[in-house]
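Fold and contact review
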Amino acid sequence: MAETEAITLPTRRPTPFDPPSDLAELRESRPIAPLAYPDGHRGWLVTSHELVREVLADRRFSARSELRHIPIADNRQAGRPAPPGMFLSMDPPDHTRYRHLLTGEFTVRRMRLLTERIERITEEHLDAMERQGPPADLVEAFAAPIPAVVICELLGVPQEERERFRAQATTLMRADVPQEEKISAYLAMQAHMTQLVQAKRADPTDDMLSGLTKSDLTDEELANIGFMLLGAGLDTTANMLALGTFLLLRHPEQLAVLRSESGRAAAAVEELLRYLSVIPFLVRSALEDVELGGELVKAGQTVTIHLPAANRDPGRFPDPDRLDLLRAAGGHVSFGHGVHQCLGQQLARVEMQAGYPALLARFPSLRLAVDPSEVPLRTDMLIYGVHRLPVTWEAK
Ligand code: HEM
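The shown structure was predicted, so the numbers you read here are calculated from the model rather than taken from an experiment. (Residues numbered from 1 in each chain as written. Predicted model: local features only at pLDDT ≥ 70, side-chain atom pairs only at ≥ 80, totals over all residues. Heavy atoms only, no water.)

Observations regarding the sheet that holds strand S9 (residues 367-368)
Read across the open sheet, the 3 strands follow the order S4-S10-S9; overall the sheet is antiparallel. For this open sheet the edge positions go to strand S4 (136-137) and S9, each flanked by a neighbour on one side alone. Looking at chain direction, S9 and strand S10 (residues 390-392) are connected through 2 bridges and run antiparallel. Residue pairing in the sheet places Leu368 in a bridge with Val391 of S10. (Pairing = 2+ DSSP bridges. Helix = DSSP H or I, 4+ residues; strand = E, 2+ residues; numbered from the N terminus.)

Some remarks on the sheet that holds strand S5 (residues 281-286)
Within a beta sheet, neighbouring strands are joined by backbone hydrogen bonds and run either parallel or antiparallel to one another. Strand order in the open sheet made by the 5 strands is S1-S2-S8-S5-S3, with mixed pairing throughout. Each of the sheet's edge strands pairs with one partner strand only, and the pair in question is strand S1 (32-36) and strand S3 (61-62). Bridge count for S1 against strand S2 (residues 42-46) is 5 bridges, and the pairing is antiparallel. Bridge assignment links Ile32 to a residue of S2, and that residue is Val46. The strands touched by helix H2 (residues 49-57) are S1, S2, S3, S5 and strand S8 (302-306); relative to S8, the strand with the most contacts, the crossing angle is about 130 degrees. (Contact = heavy atoms within 4.5 Å. Axes fitted to C-alpha atoms, helices over the stretch in contact; angles between N-to-C directions.)

Here we look at the environment of Arg12
One can find Arg12 in the segment before helix H1 (22-29). The exposure class of Arg12 is exposed, given its relative accessible area of 76%. Leaving out residues up to four positions away in the same chain, Arg12 has contacts with Pro20 and Ser21. (Buried < 20%, exposed > 50% of the residue type's maximum accessible area, 1.4 Å probe, protein only.)

Some details on the site of the ligand
Around the ligand, a shell composed of 27 residues is seen, among which His95, Arg99, Arg284, His340 and Cys342 lie nearest. Here an oxygen atom of the ligand sits 2.6 Å away from a polar atom, N or O, in the side chain of His95. Note that an oxygen atom of the ligand is positioned 2.7 Å from one of the side-chain N or O atoms of Arg99. Elements with a minimum of two residues in the shell around the ligand: helix H3 (94-103), helix H10 (219-250), S5 and helix H14 (345-362). Top contributing element to the shell around the ligand by residue count: H10, with 7 residues. (Near = heavy atom within 4 Å. Polar contact = N/O pair within 3.5 Å; in protein donor to acceptor, adjacent residues only side chain to side chain.)

So, the pattern of salt bridges
Counting across every chain of the model gives 22 salt bridges. With its nearest N and O atoms 3.0 Å apart, the salt bridge here joins Arg64 to Glu66. Of the residues examined, Arg64 reaches a relative accessible area of 31% and is grouped as partly exposed. When its relative accessible area of 27% is taken as the criterion, Glu66 is described as partly exposed. Linking Arg322 and Asp324 is a salt bridge whose minimum nitrogen-to-oxygen distance equals 3.8 Å. Look at Arg322 and you get partly exposed, because its relative accessible area is 42%. (Salt bridge = Lys/Arg side-chain N within 4 Å of Asp/Glu carboxyl O.)

What follows is the structure, given as C-alpha cells:
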C-alpha cells in the first residue's frame, strides 16, 4: 500500500456496543495499516490481538507524550513532555521509579481489603436511588459517584472538595472543550492538588497521598500523581458500570446469568471489559526503525493501538462478537499490556464485581426508561460510554 492509500481512523460504530465495522476487515487483511493522522503525520494502525500485544511489550515503542500524534481531531496540546510524576506518559527508567513507588499501594491484597468498604459505598448509593424512586439516571445515581467516592477516599480527598475535582476531571476528558477551558481546568485542579499534598505533609492521615509523602517525591510530583490517579480512576470504571448495565439490559439472557450465578461475577466482568473496551486506542511512537507484522515502522512514526479491535480478534477469542459471560475472557487488552498495564485494574475489578450484582439484586425489574436509540453515547469523549442512562423499575 502506498503512503497515499493511508486510511483515517474508523470511528463510526454500528451499534452502541460494537467497534466500527471496518476494523474487522482491516484486522483480517491488513493488521498493521498505514494511518493518516489529522495533524498530517503518517503513521500506523494496529488491529490484531497479537500485534497489539507485541507493540505494547516492545521497549522500542515509546509512551512519551512529546513524541506522539493523536489519530482523532483532538485539541489537546501535543508535543509537551510529561510533567514530573505523570508516569503514564514516560518510558523506563523514569516510569519504573514512579510505578514502583505506587505498586505497593495497589496490590490485589490491598484491593481485597477494600472490598467491604466498596460494597458499603455501593449499597449506600443503591439506598439513595431506592429512596428517590424511579426513574433515575444511572450515570448520575450510581456509575459516576461510586468510583469517584472510592478513589477520593483512597487518595484522601476531603468530602467538600470531591465534586470540584470531579467536574474539573470531566472537563479535561472531553474532546470537544476549547483548549483554553481545558488549560484553566488543568491549572485549577493542579493548584488544588498541590494544596492537598501540602496539607497531607503537614498533617498526614491514613490514605495513599499521606503515605506517599514519606517517599522522596516532591510536592509537584505528588500533586501530578494524585491528579493522574483521579483522572484514570474516575471516568474509566464509571463508563464500564453504565455502558455495561446498558449492554446487560439489551441482553436479558446474559443478565439472567449474572443474576443467577453471582459466584461468576469475576468472569462476567472480564467478558464485559473485553466486549466493551471503553478505552478505544492507545498510542506509541517508534524510537528506532522496527519491523512489525511485515511492515517497517520508521523511527518517529506513531502507532495507534486499537484495543476494541484486538479484543474482538477471532484468532484470540472464538466467536468474538457474541457476548458470553461464561466464556474465559482473560487475555483481553482492555487494561493495556506491558509496563504501563493498568495500575488500578484490581480496584476497577472490585468495583465492578460489587457493582453489577448489587444493582441487579436491588432492582429485579430494572429496565431502560427510554428507547435504546435515545441513550446519548459518548462518541465525543476520549473514553467511550454513555452520558446518561435513564432507567426505571417497579417501586416496592
Ligand atoms: C475499567 C476501568 C479501567 C480501565 C478500562 C483502565 C484502562 C487502562 C489502560 C488501557 C491503561 C494503559 C495505558 C497505556 O498503556 O498507555 C491504564 C493505565 C493506568 N491506569 Fe487504568 N483503567 C481503569 C481503571 C483504573 C483505575 C480505577 C485506576 C486508579 C486509580 C487506574 C489507574 C491507572 C494508572 C495509574 C495507569 C498508568 C500505569 C502506567 O503507566 O504504568 N485505572 N488503564
